[in-house]
Amino acid sequence: MNIRRLRPTTALVGAAALGLTTLTACSTNAGDGRTDGKLDVVASFYPMQFLAQRIGGNAVHVSSLTKPGVEPHDLEISPRQTADLSEAGLVVYLKGLQPSVDRAIAQAEPKHVADAASYTSLEDHGTEVEGEHGHGGEDEAGHEGEKGHDAHEGHDHSGDAAADPHIWLDPVRYAQVAKGVGKALEKADPDHSATYKKNTTALVKELSALDQDFRSGLKGRSSDTFITTHAAFGYLAERYGLRQEAISGLDPESEPSPARVKGLHTIAKKDKVNTVFFETLVSDRTAKTLAGDLHLRTDVLDPIEGIGSKSRGDDYIQVMRANLKALEKALGAK
């Protein structure tokens, strides 16, 4: 992805040209990261936006760099967005998912930054494209991942290019991230710390219930294996003892090799797979071709990188529950 580096002054001039009204509104906050008394929070893409909105509540104003219906990996940062980052009260993002966002944050240097990757553990699921059983991950449920509540104080994953970034698809890890974002909001806006604590506790409780629903809903299944478009579900598979078989790797736009397609034919027959999953923000052509060749049904398994008109729900919780129903049906859970 080619990213054009912008000087901060250039970004501000460009932002003024693109949106004078927006910057004028921000200018009333005297550079304190607030508008009309609310903390301005910029989220990189939907899963970060959801956390900021649910935890921040009425004390924050949340905007997202990635608009609905846009595949977040493809995002290019505009000068206006770079300016918004520099003036934000808090930026919530996931380092390593969107290179353009990583570079823009480094350039804009916002005062408060929450990197989701610093609040939990990231793993390399690249080898699991060929299909390896998950480990269940039970020992990680108690890991709070709260070391360092600003991104620069947390774990450094900058050199781990192979790390799977899709941590939000595991409710347990996502709850760890929620706690970290809550702490970051408290640090950026101490006056509303009680609100952030209360909302964090409520969201973590809801995510814990979601985790329990996945555990109970997937009991008694007749198969552990599911085939999906790209390897977004490694953490979910590991958490619940499933086997993810991805047509492509971590990049949703990559094409599978002939050897990979042949291997999937073998796996589907051996493991009695009855469904090939596709998603909402990328082409379903490869998934439907594979399903047609194998005479299998297709269904949606949503990586929840964005909420749009095709999403099976209005927010993260609803779409995750739709994913659970789809997996129950595909895996023969009783």
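Everything quoted here is computed from the prediction, not taken from an experiment. (Residues numbered from 1 in each chain as written. Predicted model: local features only at pLDDT ≥ 70, side-chain atom pairs only at ≥ 80, totals over all residues. Heavy atoms only, no water.)

1. Here's the deal with the sheet that holds strand β7 (residues 243–246)
Two strands in a sheet stick together by hydrogen bonds in their backbones, pointing the same way (parallel) or opposite ways (antiparallel).
Here's step 1: Read from one edge to the other, the open sheet built from four strands follows the order β7-β6-β8-β9, with strand pairing classed as parallel. The sheet terminates laterally at β7 and β9 (297–300), the two strands that pair on one side only. Across the sheet, the mean angle from the axis of one strand to that of its neighbour is 35 degrees, orientation sign disregarded.
Here's step 2: One ladder, built from two bridges, connects strand β6 (residues 225–228) with strand β8 (residues 275–278); its direction is parallel. In the strand pairing of β8, Thr228 is matched with Phe277. (Pairing = 2+ DSSP bridges. Helix = DSSP H or I, 4+ residues; strand = E, 2+ residues; numbered from the N terminus. Axes fitted to C-alpha atoms, helices over the stretch in contact; angles between N-to-C directions.)

2. Quick notes on the nonpolar core
Here's step 1: Among the nonpolar cores identified, the biggest contains 62 residues, and Trp168, Tyr316 and Leu327 are the most heavily contacted of them.
Here's step 2: When residues of this core are assigned to their parent elements, the largest contribution, nine residues, is made by helix α11 (residues 316–331).
Here's step 3: Residues from two domains meet in this core; each of domain 1 (34–121 + 164–203) and domain 2 (219–331) gives at least three.
Here's step 4: Other than its neighbours up to four places away in sequence, Leu327 contacts Phe214, Leu218, Phe226, Leu236, Leu242, Phe277 and Leu301. (Core = buried A, V, L, I, M, F, W, Y, C linked by side-chain atoms within 4.5 Å. Buried < 20%, exposed > 50% of the residue type's maximum accessible area, 1.4 Å probe, protein only. Domains from an automatic or database assignment. Contact = heavy atoms within 4.5 Å.)

3. Considering the side chain of Arg239
Here's step 1: Turning to its location among the elements, Arg239 is positioned in helix α8 (residues 234–240).
Here's step 2: Of the residues examined, Arg239 reaches a relative accessible area of 2% and is grouped as buried.
Here's step 3: Among the polar contacts made by the side chain of Arg239, one reaches the side chain of Asp170 at a distance of 2.8 Å. (Polar contact = N/O pair within 3.5 Å; in protein donor to acceptor, adjacent residues only side chain to side chain.)

4. Re the packing of aromatic side chains
Here's step 1: One pass over the structure, following the stated rule, counts seven aromatic pairs.
Here's step 2: Relative to Trp168, the ring of Phe45 lies with its centre 5.1 Å away and its plane at 75 degrees, an arrangement referred to as edge-to-face. Of this pair, Phe45 sits in the loop between β2 (38–43) and α3 (46–56) while Trp168 sits in the loop between β5 (113–115) and α6 (171–188); the two residues are 123 residues apart in sequence, bridging distant segments of the chain.
Here's step 3: Since its relative accessible area comes to 0%, Phe45 is described here as buried.
Here's step 4: By relative accessible area, Trp168 is classed as buried at 0%.
Here's step 5: Judged by centre distance (6.2 Å) and plane angle (45 degrees), the ring pair of Tyr46 and Phe50 falls under tilted. Of this pair, Tyr46 and Phe50 both sit in helix α3, separated by four residues, roughly a single helical turn. One exposure class covers both Tyr46 and Phe50, and it is buried.
Here's step 6: Taken together, Tyr46, Phe50, Tyr174 and Tyr316 form an aromatic cluster joined through their ring pairs.
Here's step 7: A cation sits over an aromatic face here: Lys288 above Phe278, 5.1 Å from the ring centre. (Phe/Tyr/Trp six-rings, centres within 6.5 Å; stacked < 30°, edge-to-face > 60°. Lys NZ or Arg CZ within 6 Å of the ring centre and 35° of its normal.)

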